[in-house]
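# Fold and geometry: a report
The residues making up each chain are set out below.
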Amino acid sequence: MLKWRGNPWAVLVTLSLGFFMTLLDLTIVNIAIPDMINGLGASLDQTLWVVSAYALALSVLLITASRLGDMRGPRNLFAAGLVVFTLASIACGFAPNAAALIAARGVQGLGAALLVPQTMTLIISVFPASRRGSALGIWGTVAGLATLSGPTLGGMLVSAVGWRWIFLVNVPIGIAALVLTFLIVPDIRPARTHRFDLMGVLLATATLFCLAFGLQEGERYHWGPGIWALLAAAAALAVGFLLHQRGRQDREPLVPFALFKDRNFTVMTVLVGLVSIAMLGLVLPFNLYLQSVLHMSAMKAGLVLAPSSLVSMALGPFAGRMSDRIGGKYLLITGLALYASGILAIALIAGPATSWYAFVPATLLTGLGVGCIVAPMSTEAMRNVPPRLAGAASGVNNTVRQIGSVIGAAAVGALVQGQLSAGLSAGQSYSTAFLATLHSTVALPLAVLVAGLLACLLIRNHTKSRTPATDTAPTTASVPATPAATAPPVAPATAPPAGADLRSGQTVGAAAAAGPADRKTLRTS
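These figures come from a predicted structure and were not determined experimentally.

### Remarks on the packing of helix α17 (residues 430-441) against helix α18 (residues 443-456)
The contact between α17 and α18 brings their axes to 5 Å, and the two run at 10°. When the interaxial angle is binned, α17 and α18 end up roughly parallel. Together, His 439, Ser 440 and Thr 441 of α17 and Ala 443, Leu 444 and Pro 445 of α18 make up the contact between the two elements. Here the contact of α17 with α18 is built from residues that sort into 3 nonpolar, 3 polar and no charged.

### Considerations on the confidence of the model for the protein
Overall, the prediction assigns the protein a mean pLDDT of 77, with 83% of residues at 70 or greater. Per-element confidence in the protein ranges from a low mean pLDDT of 40 for strand β2 (residues 520-523) to a high of 93 for helix α4 (residues 74-93). Segment residues 465-525 is flagged for pLDDT under 50; beyond a separation of four residues in sequence, or across chains, it makes 107 contacts in the model.

### Points about the nonpolar core
By size, the foremost hydrophobic cluster in this structure holds 131 residues, and its most contacted members are Leu 101, Phe 286, Tyr 289, Leu 290, Tyr 339, Phe 359 and Met 382. With 16 residues, helix α11 (residues 263-292) is the largest single contributor of residues to this core. Sequence-distant contacts of Tyr 289, that is, excluding residues within four places in its chain, are made with Leu 294, Ala 350, Gly 351, Thr 354, Phe 359, Phe 434, Leu 435 and Leu 438.

### Quick notes on the packing of helix α13 (residues 306-326) against helix α15 (residues 360-382)
Following both chains from N to C, one finds α13 and α15 inclined at 35°, their axes separated by 7 Å at the closest point. For the crossing formed where α13 meets α15, the hand is right-handed. Residues Pro 307, Ser 308, Val 311, Ser 312, Leu 315, Gly 316, Ala 319, Gly 320, Ser 323 and Asp 324 of α13 pack against Thr 363, Leu 364, Thr 366, Gly 367, Leu 368, Val 370, Gly 371, Cys 372, Ala 375, Pro 376, Thr 379 and Glu 380 of α15. Grouping the amino acids of the contact of α13 with α15 by side-chain chemistry returns 10 nonpolar, 10 polar and 2 charged.

### Section: unusual backbone geometry
Of note, His 295 is a non-glycine position whose phi angle comes to about 60°, a positive value. Mapping His 295 onto the fold places it in the loop between α11 and α12 (298-304). Relative accessible area serves as the criterion here: at 62%, His 295 is assigned to the exposed category.

### Overview of helix α1 (residues 8-27)
Taking 1.5 Å of rise per residue, the 20 residues of α1 would be expected to cover 28 Å, and the 29 Å separating its terminal C-alpha atoms lies within 8% of that figure. Summarising burial for α1: 16 of the 20 residues are buried, a large majority. The opening residue of α1 is Asn 7, an N-cap whose side-chain oxygen sits 3.0 Å from the backbone nitrogen of Trp 9.

How each quantity is defined
- Residues numbered from 1 in each chain as written.
- Predicted model: local features only at pLDDT ≥ 70, side-chain atom pairs only at ≥ 80, totals over all residues.
- Heavy atoms only, no water.
- Axes fitted to C-alpha atoms, helices over the stretch in contact; angles between N-to-C directions.
- Helix = DSSP H or I, 4+ residues; strand = E, 2+ residues; numbered from the N terminus.
- Parallel < 35°, antiparallel > 145°, perpendicular 65-115°, else oblique.
- Contact = heavy atoms within 4.5 Å.
- Nonpolar A, V, L, I, M, F, W, Y, C, P; charged D, E, K, R; others polar.
- pLDDT = per-residue confidence, 0-100.
- Core = buried A, V, L, I, M, F, W, Y, C linked by side-chain atoms within 4.5 Å.
- Buried < 20%, exposed > 50% of the residue type's maximum accessible area, 1.4 Å probe, protein only.
- Left-handed = near helix turned anticlockwise from the far one by under 90°.
- Expected span 1.5 Å × (residues − 1).
- Polar contact = N/O pair within 3.5 Å; in protein donor to acceptor, adjacent residues only side chain to side chain.

Structure follows, in structure tokens:
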């Protein structure tokens, strides 16, 4: 196993295990909502909080965790996140009631927040620029696959062994990822001490909490004055946060404004939020429709969505490589159009007694769309980000992703509850009322996908022939470990630029090509 230490592709596999596990838990719970309601005697609002408590904690803490990764080393934060997430998964699996489950899900979100932003930072550090697009393409594919495969895997587990196993299945995966982390992932540390912006962290956390909580609880409290006060407070705190960050641009801000000088990063940051809203806008109501209107088992409902996951998984790596060659602009436009077409087809096909196979063409379209979206979206977002800003960029990108998930879950939950209650109050049957709800709810993901299509027109397309020569990092090299007290370090096969620090044979990759402010020190575990 030691021969894989520092190998970029082995590092990517290890990071993907943890990343997949955390994103899977955003959607795998949706398929188990009916079983959790029955098993815990919970209300629909409580079970929606089982979904949202996780997304809330994750979105609120991502920016803070990305800065802690810069200070303490991304591998350490990744490992800590795995430990917290795995222990919280055990607590979720044995939760005696809805309140305990919601609390454990919040702790799960904390663990996910610690590890998620470190994945992108480590990928940028260990991969040379010439291979970074492919690596981020695979990373993005893992994100899309986790989001779409949640209902399928969850359905199989719920039907076979019960809903508690959608959480307990994380335990062996988390343990395996933790062991691999210390065996394979290099311990990258900053060459200089970073500062911790406590006021920025407090403002960002308060802003995100007020926003997410207000959106989630709006329907429950009938969008009363308290909810609007929370949303107004979120807006005021956001202004305060931005003003505070403007005054710290020369003192390691949480959000470096320099990131947004790159038009593609700005567009991709908006797009990742819109796509997250669209994914939650489809998955939640469609799962409820399959189980409550068509009376499918959790397993069968999950299998209806399986074609989407399989196609996305097959297409994602190819789309990542293509974005390196021809740029991501037209791949993204194509993917968004295909995904919107698939959602529209699902809404048109859905009826009171639709057969499962009628949905196959539509789910194939959504899979093709996601396969063309997620990998190029990640690649284009990070293509021009310098290594010294990788942690901040990852924090911003993933925070917006999770805020999109919170907004999507809150908006769809409010629409479903409001429309369904109105239909039932009007004397409609449950099937009729829910079908009307489904047809009106899909307007949300369709609208945000159209907005995403318009945003893509602003992308500066990248082609391989136009990539500056300075983008290409030296070929990654490894050196055998040599005790410092007895012999000098062995020179690598391909020498890095002067000043790079190699210790104990760890892989340098892109970090070796960074400027003086960017260089990382790689330490052994």
